[in-house]
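# A look at the structure
The residues making up each chain are set out below.
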Amino acid sequence: FSLKCFQKVKLFIRGGYSFLETLYLILFIFSFFYAFKKLLKILLKIMNLLRKGIAEAIGTFVLVFFACGVAAFTGGDLVATALTFGLVIVAMAYSIGRISGCHINPAVSLGCLIDKRMTVKGFLVYVLAQIIGGLVGGVAFFGITKMGNITLEGNACNTALGYSGDLSKITVGGYIGSILLEIILTLVFVYVILNVTIENSGAGKKAGLIIGFTLTL
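Rules used in this analysis
Residues numbered from 1 in each chain as written. Predicted model: local features only at pLDDT ≥ 70, side-chain atom pairs only at ≥ 80, totals over all residues. Heavy atoms only, no water. Helix = DSSP H or I, 4+ residues; strand = E, 2+ residues; numbered from the N terminus. Buried < 20%, exposed > 50% of the residue type's maximum accessible area, 1.4 Å probe, protein only. Contact = heavy atoms within 4.5 Å. Areas by Shrake-Rupley, 256 points an atom, 1.4 Å probe, with all protein chains shown as cover. Core = buried A, V, L, I, M, F, W, Y, C linked by side-chain atoms within 4.5 Å. Patch = residues over 30% accessible without salt bridge, like charges linked within 9 Å, V, L, I, M, F, W, Y side chains within 5 Å. Salt bridge = Lys/Arg side-chain N within 4 Å of Asp/Glu carboxyl O. Lys, Arg positive; Asp, Glu negative; His and termini not counted. Charge placed at Lys NZ, Arg CZ, Asp CG, Glu CD. Arc of directions from axis to C-beta. Polar contact = N/O pair within 3.5 Å; in protein donor to acceptor, adjacent residues only side chain to side chain. Axes fitted to C-alpha atoms, helices over the stretch in contact; angles between N-to-C directions. Parallel < 35°, antiparallel > 145°, perpendicular 65-115°, else oblique. Left-handed = near helix turned anticlockwise from the far one by under 90°. Phe/Tyr/Trp six-rings, centres within 6.5 Å; stacked < 30°, edge-to-face > 60°.

With that settled, the discussion passes to the overall build of the protein chain. Each helix and strand counted, the protein chain has 9 helices and 0 strands in total. In sequence order, the secondary structure elements of the protein chain are arranged as α-α-α-α-α-α-α-α-α. For the protein chain, the proportion of its 217 residues judged to be buried stands at 28%. Across the protein chain, the fraction of contacts at a sequence separation of at least 24, relative to all contacts at a separation of at least 6, is 62%. On the protein chain, roughly 14,600 Å² of surface is accessible, and the fraction owed to carbon and sulfur atoms is 73%.

Below, the structure written as structure tokens:
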């Protein structure tokens, strides 16, 4: 294409094209390169968003595989589960944080969306990636335990609610209390993340540790 355009310009110089025809040709060339530049920018944005989505999927996979795996393996042991969640967050914050911000939690992504730190399109990609990563992590852990004939201690959620086979032990108040506690803890967690990740927070490189220890608590 460039060769043809060059030949046409040479033809104009030799008097084969009128001035108006050559002007149209030049405008066409500029329009072509402008459209190519715009297309390249769009492709780069898509690739960057895809890269972030992959990072979120990997991070969520690691979180579910290790942290939720420890919870299921130990029957919801408080110390082991809390430490694993916190340490996984620290590890992921310093590994994929530079790529995607290490949300690996739809609540964190929602907080960033509300705080106008990401677009709706980015939010949807993040949440989809997190769901995929979490699902694959859960399936992988369950599959490995089945292949190894490992008996899990039980459902960590049931253990936390005090359910051990008797449905009468699960009350409406227990469910409501659990939901309220989850909401409060999630709000605190997201609040900490949004505040330690702003430029003037003073947390700097310690932000990952602060977030990890907050989740541990």
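Bringing the nonpolar core into the picture now. Generally speaking, nonpolar side chains in soluble globular proteins are found buried as a group. One finds Leu63, Met92, Ile96, Ile104, Val108, Val196 and Ile211 to be the most contacted residues of the largest nonpolar core, which totals 26 residues. Counting residues per element, the ones that place at least two in this core are helix H2 (19–74), helix H3 (78–93), helix H5 (106–114), helix H6 (120–147), helix H8 (172–196) and helix H9 (207–216). No other element matches H8, which puts 6 residues into this core. With near-sequence residues (within four places) excluded, Met92 lies in contact with Gly59, Val62, Gly97, Cys102 and Ile104.

Once that is clear, we can look at a positive patch on the surface. A cluster of basic residues, Lys37, Lys38, Lys41, Lys45 and Lys121, forms a positive patch at the surface. At 4 residues, H2 tops the list of elements feeding residues into the positive patch. Of note, Lys121 is situated in helix H6.

Phi at Cys102 takes a positive value of approximately 55 degrees, unusual for a residue other than glycine. Take Cys102: it is sitting in the loop between helix H4 (97–100) and H5. The phi angle at Lys116 is positive, at roughly 60 degrees, despite the residue not being glycine. Within the element layout of this structure, Lys116 appears in the loop between H5 and H6.

Where H5 is concerned, the buried positions are Val108, Ser109, Gly111 and Cys112. Along the axis of H5, the buried residues cluster in a sector spanning 155 degrees; they form a single face. A distance of 2.9 Å separates the backbone nitrogen of Ala107 from a side-chain oxygen at the start of H5, and that oxygen is part of Asn105.

Let's shift gears to the packing of H3 against H9. One can describe the packing of H3 onto H9 by two numbers: an axis separation of 7 Å at closest approach and a directional angle of 160 degrees. The orientation of H3 with respect to H9, classified from their angle, is roughly antiparallel. Of the two elements, H3 crosses H9, and the hand of that crossing is right-handed. When H3 is examined against H9, the residues Ala82, Leu83, Phe85, Gly86, Ile89, Val90 and Ala93 are found in contact with a partner set consisting of Gly208, Leu209, Ile211, Gly212, Leu215 and Thr216.

What follows covers the side chain of Glu56. Relative to the helices and strands, Glu56 resides in helix H2. Buried and unpaired, Glu56 has Lys52 as its nearest opposite-charge partner, separated by 9.5 Å. In this structure the side chain of Glu56 is engaged in a polar contact, spanning 2.6 Å, whose partner is the side chain of Ser100. Within polar-contact distance, the side chain of Glu56 engages the backbone nitrogen of Ile104 at 2.6 Å. Those residues in contact with Glu56, other than ones at most four positions away along the chain, are Ser100, Cys102, His103, Ile104, Tyr126, Ala129 and Gln130.

A few words on the packing of aromatic side chains. Under the counting rule described, the total for this entry stands at 3 aromatic pairs. Relative to Phe141, the ring of Phe65 lies with its centre 6.0 Å away and its plane at 85 degrees, an arrangement referred to as edge-to-face. Of this pair, Phe65 sits in helix H2 while Phe141 sits in helix H6; the two residues are 76 residues apart in sequence, bridging distant segments of the chain.

Another aspect to go through is a nonpolar patch on the surface. Residues Phe28, Phe32, Phe33, Phe36, Leu40 and Leu44 make up a contiguous nonpolar surface patch of about 600 Å² in total accessible area. Tracing the backbone shows Phe36 in helix H2.

Let us look at the environment of Thr216. Along the polypeptide, Thr216 turns up in helix H9. For Thr216 and Ile89, which are 127 residues apart along the polypeptide, the C-alpha to C-alpha distance reads 9.2 Å. What Thr216 contacts, discounting residues up to four positions off in sequence, is Ala82, Leu83 and Gly86. Within the local environment of Thr216, its side chain forms a polar contact with the backbone oxygen of Gly212, the two atoms lying 2.9 Å apart.

Taken by themselves, the reported measurements are silent on function.
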